[in-house]
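Coordinates in review
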Amino acid sequence: VTITTRQLVSHLSGIRHYEKDITKVKEEKEKANRALKLTKSHQDKEQKAKEGKGIDNTDCVKQKKEHASETKSRNSKPGRNDKEFEQEEYYLKEKFESVIESLKIFKNDPLFFKPGSQFLYSTYGFTLLSAVVERASGQKFTDYMLKMFRDLDMLSTVLDDNEAMIYNRARCYIYNKKGRLVNAPYVDNSYKWAGGGFLSSVGDLLKFGNALLYSYQAGQFKNKNSKLLPGYLKPSTVAMMWTPVPKTEVSWDRDGKYAMAWAVVEKNQQYGCCRQQRHYASHTGGAVGASSVLLILPEELDPEAVGTWPVAPPRGVIVTIICNMQSVSLNSTALKIAREFDKEKWAQ
């Protein structure tokens, strides 16, 4: 078979995740699909009931108040994290000297499906992707990434190297089987630098989000007084990264699709004065003893007015949360925060 880098970056490669048993993976997918169908069926019934009764202005207010709780239910992932962290490979203690060497963990395992035919989130897909970067760049993947972080002024973003002395490195925690908070077990993440092997700070992740948002919007602004500096990436590149890919899905927001290393929700509103979907991009992170999210909510720019605006990009809201505790669902919280800041800005 042929596996492309686009398939790797959108989790369509067929390479396994931590679970080696394809039967168990299929069972979990079927359960998730059944739950999603039930949720959609319930929402459709509610919508039809509202249409039958009619909606007045007071209903509009009620809809807005209920939106937050609806978002929470859509984003919930009951049971996923607990089962996810039962996989032994999360707790590897072996140190790998290169990303090429770490391919041995999965390189002889069969593909779960024909590349491009189905979606399966795969950390190891990103390990292979990092090997591609290493061969294409002609330098170690870790060196390549650290140089990029320096270009982005992300000076607090480093490898999660157990031996290195890292200033302000936080301790990580998990709940044990008795429900008590304990220190997270020792692990070595050198087998998955690309998929979960970097340490960062909220300040650095905000810089990363701003750099992407600036790159995304820079082409839309025409500054007459002084020429805008180019973005770190071309606007077309970020637009491509944030374009939903067919046959993909997102566990942390059922309204979303997976794009290229990002989950994306597209702007959509089916009925007046009812639930709206704003365009945003996000990604969550889960590791032994830690959880995170980075969410980018671009401002909806007026194409006619954008050329005359005195304020340069980035325009929008960026939210990042890093939590030194395992299995914390953060996307819905980040989305609520982003919406509140966005609402406050337009109110002014």
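Below is a summary of the structure that appears in this document.

Scoring rules and cut-offs
- Residues numbered from 1 in each chain as written.
- Predicted model: local features only at pLDDT ≥ 70, side-chain atom pairs only at ≥ 80, totals over all residues.
- Heavy atoms only, no water.
- Helix = DSSP H or I, 4+ residues; strand = E, 2+ residues; numbered from the N terminus.
- Buried < 20%, exposed > 50% of the residue type's maximum accessible area, 1.4 Å probe, protein only.
- Contact = heavy atoms within 4.5 Å.
- Expected span 1.5 Å × (residues − 1).
- Polar contact = N/O pair within 3.5 Å; in protein donor to acceptor, adjacent residues only side chain to side chain.
- Core = buried A, V, L, I, M, F, W, Y, C linked by side-chain atoms within 4.5 Å.
- Domains from an automatic or database assignment.
- Patch = residues over 30% accessible without salt bridge, like charges linked within 9 Å, V, L, I, M, F, W, Y side chains within 5 Å.
- Areas by Shrake-Rupley, 256 points an atom, 1.4 Å probe, with all protein chains shown as cover.
- Salt bridge = Lys/Arg side-chain N within 4 Å of Asp/Glu carboxyl O.
- Pairing = 2+ DSSP bridges.
- Axes fitted to C-alpha atoms, helices over the stretch in contact; angles between N-to-C directions.
- Phe/Tyr/Trp six-rings, centres within 6.5 Å; stacked < 30°, edge-to-face > 60°.
- Disulfide = S-S within 2.5 Å.

1. Comments concerning the overall build of the protein chain
Helix and strand counts for the protein chain stand at 11 helices and nine strands. Looking at the 348 residues of the protein chain, the share that counts as buried comes to 38%. Long-range pairs, those at least 24 residues apart, make up 67% of the contacts in the protein chain between residues at least 6 apart in sequence.

2. Quick look at helix 9 (residues 202-217)
Compared with the 22 Å implied by 1.5 Å per residue over 16 residues, the 22 Å span of helix 9 between its first and last C-alpha is a close match. Three or more residues of helix 9 are buried, namely Asp-204, Leu-205, Gly-209, Ala-211, Leu-212, Leu-213, Tyr-214, Ser-215 and Gln-217. In this structure, the buried side of helix 9 is in contact with helix 10 (235-241), strand 8 (290-298) and strand 9 (316-323).

3. Quick look at the environment of Thr-320
Relative to the assigned elements, Thr-320 resides in strand 9. Among the residues examined, Thr-320 registers a relative accessible area of 13% and is labelled buried. Distance from Thr-320 to Asp-204, taken between C-alpha atoms, is 9.7 Å for residues 116 residues apart in sequence. Those residues within four positions of Thr-320 in sequence are excluded, and the remaining contacts are Val-202, Leu-205, Leu-206, Val-293 and Leu-294. Here the side chain of Thr-320 touches Val-293 through a polar contact of 3.1 Å, landing on its backbone oxygen.

4. A look at the nonpolar core
Ranked by size, the top nonpolar core spans 42 residues in total, and within it Tyr-124, Leu-212, Trp-242, Trp-262 and Ile-296 carry the most contacts. If you list the elements that add at least two residues to this core, you get helix 1 (5-9), helix 6 (123-137), helix 7 (141-151), helix 9, helix 10 and strand 8. Per-domain counts for this core show at least three residues from each of domain 1 (1-40 + 80-199) and domain 2 (204-347). Of all hydrophobic cores here, the second largest spans 12 residues; its members include Leu-295, Val-317, Leu-335 and Ala-338.

5. Brief notes about a nonpolar patch on the surface
A cluster of nonpolar side chains, Val-1, Ile-3 and Leu-111, forms an exposed patch at the surface whose accessible area comes to about 270 Å². For Leu-111, the location among the structural elements is in the loop between helix 5 (99-102) and helix 6.

6. Here we look at the pattern of salt bridges
Under the criterion given, the structure shown has 14 salt bridges. Across the pair Lys-95 and Asp-161 runs a salt bridge, and its minimum N-O distance is 3.6 Å. Separated by 66 residues along the polypeptide, Lys-95 in the loop between helix 4 (80-84) and helix 5 and Asp-161 in the loop between strand 1 (158-159) and strand 2 (173-175) bring together distant segments of the chain. Each of Arg-16, Lys-20, Glu-89 and Asp-109 takes part in one network of salt bridges that share partners.

7. Some remarks on the sheet that holds strand 6 (residues 263-265)
With antiparallel pairing, the five strands of this open sheet are ordered in space as 5-6-7-8-9. Strands with a single pairing partner mark the edges of an open sheet, and in this sheet they are strand 5 (257-258) and strand 9. Examined bridge by bridge, strand 5 and strand 6 share two bridges and lie antiparallel to one another. Considered in strand 6, the bridge of Tyr-258 is made with Ala-263. Helix 9 rests against strand 8 and strand 9 of the sheet, and its axis sits at about 150 degrees to strand 9.

8. With respect to the packing of aromatic side chains
Using the criterion set out here, one finds 11 aromatic pairs in the structure. Taking the centre distance of 5.7 Å and the plane angle of 45 degrees together, the rings of Phe-119 and Tyr-258 count as tilted. Of this pair, Phe-119 sits in the loop between helix 5 and helix 6 while Tyr-258 is found in strand 5, placing the two residues 139 residues apart along the sequence. On the accessibility criterion, Tyr-258 (1% relative accessible area) is buried. Grouping aromatic residues by their ring pairs yields a cluster made of Tyr-18, Phe-85, Tyr-90, Tyr-91, Phe-106, Tyr-124 and Tyr-191.

9. Observations concerning the state of the cysteines
Summed over the entire model, instances satisfying the criterion amount to zero disulfides. Free of any disulfide, Cys-172 has its nearest neighbouring cysteine sulfur in Cys-323, separated by 9.3 Å. You can call Cys-172 partly exposed: its relative accessible area is 25%. In this structure Cys-274 is not part of a disulfide, and its nearest cysteine sulfur, from Cys-273, lies 6.5 Å away.

10. Focus on the environment of Thr-284
As for its position among the elements, Thr-284 is in strand 7 (residues 280-287). Look at Thr-284 and you get buried, because its relative accessible area is 18%. Once you skip the residues sitting within four places of it in the chain, Thr-284 turns out to touch Trp-252, Ser-292, Val-293 and Asn-331.

11. Observations concerning the side chain of Asp-342
Topologically, Asp-342 is positioned in helix 11 (residues 331-347). On the basis of relative accessible area, Asp-342 is assigned to the buried category, the value being 7%. With near-sequence residues (within four places) excluded, Asp-342 lies in contact with Arg-278, Leu-297 and Val-317.

12. Looking at the environment of Tyr-175
Among the secondary structure elements, Tyr-175 is positioned in strand 2. It is 9.2 Å that separates the C-alpha atoms of Tyr-175 and Ser-327, two residues lying 152 residues apart in sequence. Apart from the residues lying within four places of it in its own chain, the contact partners of Tyr-175 are Arg-180, Leu-181 and Met-325.

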